[in-house]
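Summary of structural features
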Amino acid sequence: PSLVSDTTLDDLPLRDDLRGHVPYGAPQLEVSVRLNTNENSHDVPPQVVEAVVAAIAEQVPHLNRYPDREADALRDALAAFLRAQPASHGVPLTRGNVWAANGSNEVLQQLLQAFGGPGRTAVGFTPSYSMHPIITETSGTAWVDGKRGDGFSLDPFDVAQQVGVVGEHGADVVFLTSPNNPTGTALPLDVVEAAYEATRGIVIVDEAYAEFARPLNAGGTPSAITLLPGRPRLVVTRTMSKAFAFAGTRVGYLAADPAVVDALRLVRLPYHLSSLTQAAATAALAHADVLLATVEDTKAQRDRLVAAMPTLGLFALPSDANFVLVGGFDDAPAAWKALLAHGVLVRDVGIPGHLRITAGTEAETDAVLAALAEVVAQAE
Ligand code: PMP
């Protein structure tokens, strides 16, 4: 009998709480301008390619062995990178404070496996990263959709109230995202402190886009890493997928109290990070300055996008990330389709009248602005 069948999910003994769910699915389309998943549009620089290839070549003869389960060399390199960042204010992080996995998505999943689960509740503030509720619910954890104020803002009192009313001791897990996806705005640290005080649960600050934030001396917000000392329930997650232009490698990480790392050892699969991943990421981190050189270019393109929107009859929120949330469309899904017809793929995040556009290269900004001008003119 053929394995091609009419069987649907309804016919399978699927977990009841997964029925009716839809998978994460940002379209992966072969178009010339791909600005829909907040990747870095710049290729890995040749100097880094060479170092990564050499590091991988060294590993290949030893692929008969399992990788370092603790990923010590990689965690050392990640801790050193964080220590060197001005926005971390020199918090003396070491290997014991750092954990890495296959993308920050896997780090988040491990956090929910360890600190969520049946009978527990996570709170996040929509609109934010769409995977937070998915990772929460697939781990059997209940999700509470927190509310934001005007202009998608978050206020410390409001956040503390919404985090504190859950259960007896506040939410078991709190998701904060800074800079937030899809709005692009960084979160003042008093919101993080307020959330932490309002619960006995774990507070996660997802800083996937931290490297794109405005500098401290230009109105930027320090990283929540500065709040880690004395707060063992606070976790800051980061990724190499965005600023580092390394999304294909799948490396995300966190900074936290070493006890949090111990908790994740209870749920991680043994050898979850392949030898090739560890070698590639460790080699790349030795050239962090070269890899991060594209960040300033990307920020310039982001600022150019923000500045151009009013001339198109649209508006954009100020952004600390590598993307811009653009509002003012009469029909965002129609505009999304029209842009695609011009070879430009952006993201419809489901906010009426809005589309999210990743900041890429100068040529990509030229292309998206030209396409937007035509799409807006046609819609009138
Ligand atoms: N957090 C946020 C806020 C994101 O936008 C993304 C990617 N879009 C991630 C986490 C996950 O990234 P990765 O798994 O590639 O590290």
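First, a word on scope: everything that follows refers to the structure included in this document. (Residues numbered from 1 in each chain as written. Predicted model: local features only at pLDDT ≥ 70, side-chain atom pairs only at ≥ 80, totals over all residues. Heavy atoms only, no water.)

The next point concerns the pattern of salt bridges. Two side chains with opposite charge may pair up if their charged atoms get near one another. All told, the structure shown has 16 salt bridges when counted by the stated rule. Close ionic contact of E211 with R238 constitutes a salt bridge, the shortest N to O distance being 3.8 Å. Of this pair, E211 sits in the loop between strand 6 (202–206) and strand 7 (234–239) while R238 sits in strand 7, and the two are 27 residues apart along the sequence. Among the ionic pairs, D320 bridges to R214, the shortest N-O distance being 2.9 Å. Of this pair, D320 sits in the loop between strand 9 (315–316) and strand 10 (323–327) while R214 is found in the loop between strand 6 and strand 7, placing the two residues 106 residues apart along the sequence. Linked by salt bridges that have partners in common, E70, D72, R75, D76, R95, D262, R265 and R268 make up one network. (Salt bridge = Lys/Arg side-chain N within 4 Å of Asp/Glu carboxyl O. Helix = DSSP H or I, 4+ residues; strand = E, 2+ residues; numbered from the N terminus.)

Neighbouring the ligand are 13 residues, the closest being D206, Y209, T239, S241 and R250. At a separation of 2.6 Å, a nitrogen atom of the ligand approaches a polar side-chain atom of D206. Contact distances for the ligand include 2.6 Å between an oxygen atom and a side-chain N or O atom of Y209. In isolation the ligand offers 400 Å² of accessible surface; the protein chains occlude 94% of this area. Looking at the shell around the ligand element by element, the count peaks at 3 residues for helix 3 (residues 103–115). (Near = heavy atom within 4 Å. Polar contact = N/O pair within 3.5 Å; in protein donor to acceptor, adjacent residues only side chain to side chain. Areas by Shrake-Rupley, 256 points an atom, 1.4 Å probe, with all protein chains shown as cover.)

What follows concerns the pairing of strand 8 (residues 252–256). For strand 8, the tally of buried residues reaches 5 of 5 residues, placing the bulk of the element in the interior. Covered by surrounding structure in strand 8 are G252, L254 and A256 together with Y253 and A255, the residues of both alternating faces. Where strand 2 (residues 98–101) and strand 8 come together, 4 bridges link them in antiparallel fashion. In the sheet register, W99 faces strand 8, and the bridge partner there is L254. Inspection of the sheet shows strand 7 paired to strand 8 by 5 bridges, in the antiparallel sense. Along strand 8, the bridge assignment pairs V235 with A256. (Buried < 20%, exposed > 50% of the residue type's maximum accessible area, 1.4 Å probe, protein only. Pairing = 2+ DSSP bridges.)

One pass over the full model with this rule turns up 4 aromatic pairs. The interplanar angle of 5° and the centroid separation of 4.1 Å between the aromatic rings of Y66 and Y271 together place this pair among those described as stacked. Taken together, the positions of Y66 in the loop between helix 1 (46–59) and helix 2 (72–83) and Y271 in the loop between helix 7 (258–265) and helix 8 (275–285) put the pair 205 residues apart, joining distant regions of the chain. Judged by centre distance (5.0 Å) and plane angle (70°), the ring pair of F81 and F244 falls under edge-to-face. With F81 in helix 2 and F244 in the loop between strand 7 and strand 8, this residue pair connects regions lying 163 residues apart in the sequence. By relative accessible area, which is 7% here, F81 ends up buried. Directly above the ring of Y196 sits R233, whose terminal nitrogen or CZ lies 4.0 Å from the centroid. Taking the ring centre of F323 as reference, the NZ or CZ of R356 above it sits at 5.6 Å. (Phe/Tyr/Trp six-rings, centres within 6.5 Å; stacked < 30°, edge-to-face > 60°. Lys NZ or Arg CZ within 6 Å of the ring centre and 35° of its normal.)

All buried positions along helix 4 (residues 131–138) are accounted for by M131, H132, I135 and T136. In an axial view of helix 4, the angular spread of the buried residues amounts to 135°, which keeps them on one side of the axis. The elements touched by buried residues of helix 4 are helix 3, strand 3 (121–125), strand 4 (142–146), strand 5 (173–177) and strand 6. (Arc of directions from axis to C-beta. Contact = heavy atoms within 4.5 Å.)

Bringing the sheet that holds strand 10 into the picture now. Here we have 3 strands laid out as an open sheet, ordered 9-10-12, and antiparallel in their pairing. Because the sheet does not close on itself, it has two edges, and the strands there are strand 9 and strand 12 (354–358). Looking at chain direction, strand 10 and strand 12 are connected through 5 bridges and run antiparallel. Bridge pairing links L325 to R356 in strand 12. Here helix 10 (residues 294–308) sits on the sheet in contact with strand 9, strand 10 and strand 12, set at roughly 10° to strand 10. (Axes fitted to C-alpha atoms, helices over the stretch in contact; angles between N-to-C directions.)

Among the 11 residues of helix 8, 9 are classified as buried, and the element is accordingly described as predominantly covered. For helix 8, the set of buried residues is S275, T277, Q278, A279, A280, A281, A283, A284 and L285. Next to the buried residues of helix 8 lie helix 1, helix 2 and helix 9 (288–291).

So yeah, pure geometry; function would need other evidence.
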